[in-house]
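For reference, the chains in residue letters:
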Amino acid sequence: MARLNVNPTRMELRRLKTRLKTAVRGHKLLKDKADETIRQFMVLIKENKRLREETEGEVSAALRSFLLAAAVTTAPVMEEAVAMPGYSVELETSEKNVMSVMVPQISVKEGDKKELYPYSFAGVSAELDGSIANLSEVLVKLVHLAEVEKACNMLADEIEKNRRRVNALEYVMIPQLEETIKYITMKLDENERSNTIRLMKVKSMIENRT
């Protein structure tokens, strides 16, 4: 591992030891954060899988009902029945902090229009009623699924960024600091030995003169 290009002085040694201590502490904190972020991510992944299976099943059932209704009802009647919605919803968005990642929160609230079936029951089949009822019920789950999937994507990005930071500290910065500290320590020890030998020689020369 290549060492840093610094002057081998005691001041530099003290500064590098402080940096190393900070880097080791930062590495531990990032590892702890990575572990907890992965745990939160796994919880969301399981929730996402459950919601997706439920919503796909319910949407498929609603579409089957719609196809059955289309089979027994003429196209103009179907078009007229669903042309004007009688039911509206409003979405409210906010954010929540999950391991320093601001993930979205979406809540569904009923709007001003609350008539689920905006048509006469006499003109359409019961299958269309069932299809519309199923779709209105699955709407909340679809919104929640979108919220959870977005949170999963954001946490996955954060996990990747955090992994790169941990690797940079673990395999680059910390080894470089350790190698540089070792180099400076050796240089200082070498200088100390040289000074000791020089002093011993001077002392010996003085003694010989006397």
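Up top is the structure.
The residue numbering used here restarts from 1 in each chain and proceeds along that chain's sequence as written. Residue-level local features of this predicted model are given only where pLDDT is at least 70; pairs of side-chain atoms are given and counted only at 80 or more, and the full residue set underlies all totals for whole chains, interfaces and linings. The side-chain values count all of the structure's non-hydrogen atoms but skip hydrogen atoms and water molecules.

*Asks:* Lay out the overall build of the chain with the relevant residues and their values.
*Replies:* Runs of H or I in DSSP of at least four residues are treated as helices and runs of E of at least two as strands, each being numbered from the N terminus. Helix and strand content of the chain: 3 helices and 2 strands. Scanning the chain from its N terminus toward the C terminus, one meets helices and strands in the order α-α-β-β-α. For the chain, the proportion of its 210 residues judged to be buried stands at 25%. Accessible surface, the chain: about 14500 Å² in total, of which carbon and sulfur atoms supply 57%. We call a residue buried when its accessible area falls under 20% of the maximum for its residue type, exposed when it is over 50%, and partly exposed in between, using a 1.4 Å probe and counting protein chains only. Here the open area of atoms and residues is found with the Shrake-Rupley method and a 1.4 Å probe, where only the protein chains shown may cover a residue.

*Asks:* Which residues make up the side chain of Asn48, and what values go with them?
*Replies:* Considering the arrangement of structural elements, one finds Asn48 in helix 1 (residues 10–72). On the accessibility criterion, Asn48 (13% relative accessible area) is buried. We call two residues in contact whenever any of their non-hydrogen atoms come within 4.5 Å of each other. Sequence-distant contacts of Asn48, that is, excluding residues within four places in its chain, are made with Leu145, Val148, Glu149 and Cys152.

*Asks:* So, the nonpolar core: which residues are in play, and what are the values?
*Replies:* Core analysis: the biggest nonpolar cluster contains 14 residues, and Leu16, Leu177 and Ile184 have the highest contact counts within it. Looking at this core, the elements that each hand over two or more residues are helix 1 and helix 3 (126–209). The biggest single contributor to this core is helix 3, with 7 residues. The residues contacting Leu16, other than those within four sequence positions of it, are Leu4, Val6, Leu177, Thr180, Ile181 and Ile184. What makes a nonpolar core is a set of buried Ala, Val, Leu, Ile, Met, Phe, Trp, Tyr and Cys residues whose side-chain atoms join them at distances within 4.5 Å. Phe41, Leu44, Leu51 and Val98 belong to the second-largest nonpolar core, a separate cluster that totals 11 residues.

*Asks:* Tell me about the environment of Lys109, and please be specific about residues and values.
*Replies:* Relative to the helices and strands, Lys109 resides in strand 2 (residues 101–114). Separated by 17 residues in sequence, Lys109 and Glu92 place their C-alpha atoms 7.6 Å apart.

*Asks:* Give me the side chain of Thr37: which residues, what numbers.
*Replies:* Counting through the fold element by element, Thr37 comes out in helix 1. Judged by its relative accessible area of 2%, Thr37 falls in the buried class. The term polar contact refers here to a pair of N or O atoms within 3.5 Å; inside protein, the definition further demands a hydrogen-donor-capable atom paired with an acceptor-capable atom, and it admits residues adjacent in sequence only when both atoms are side-chain atoms. Here Lys33 takes part through its backbone oxygen, which lies 2.6 Å from a polar atom of the side chain of Thr37. When near neighbours in sequence (up to four residues on either side) are disregarded, Thr37 contacts Met99, Leu155 and Ile159.

*Asks:* An account of the pattern of salt bridges is needed here, citing residue identities and associated values.
*Replies:* Pairs can form between side chains of opposite charge whenever their charged atoms are close. Salt-bridge detection follows one rule: a side-chain nitrogen of Lys or Arg within 4 Å of a carboxyl oxygen of Asp or Glu. Throughout the structure, instances matching the rule amount to 15 salt bridges. Note that Arg15 and Glu12 form a salt bridge whose closest N and O atoms lie 2.2 Å from each other. Taken together, the residues Arg15 and Glu12, both in helix 1 and 3 residues apart, mark about one turn of the helix. Taking the relative accessible area as the measure of exposure, Glu12 reaches 15% and is therefore buried. By sharing partners, the salt bridges in this structure join Glu47, Arg50, Glu54, Glu58 and Lys141 into a single network.

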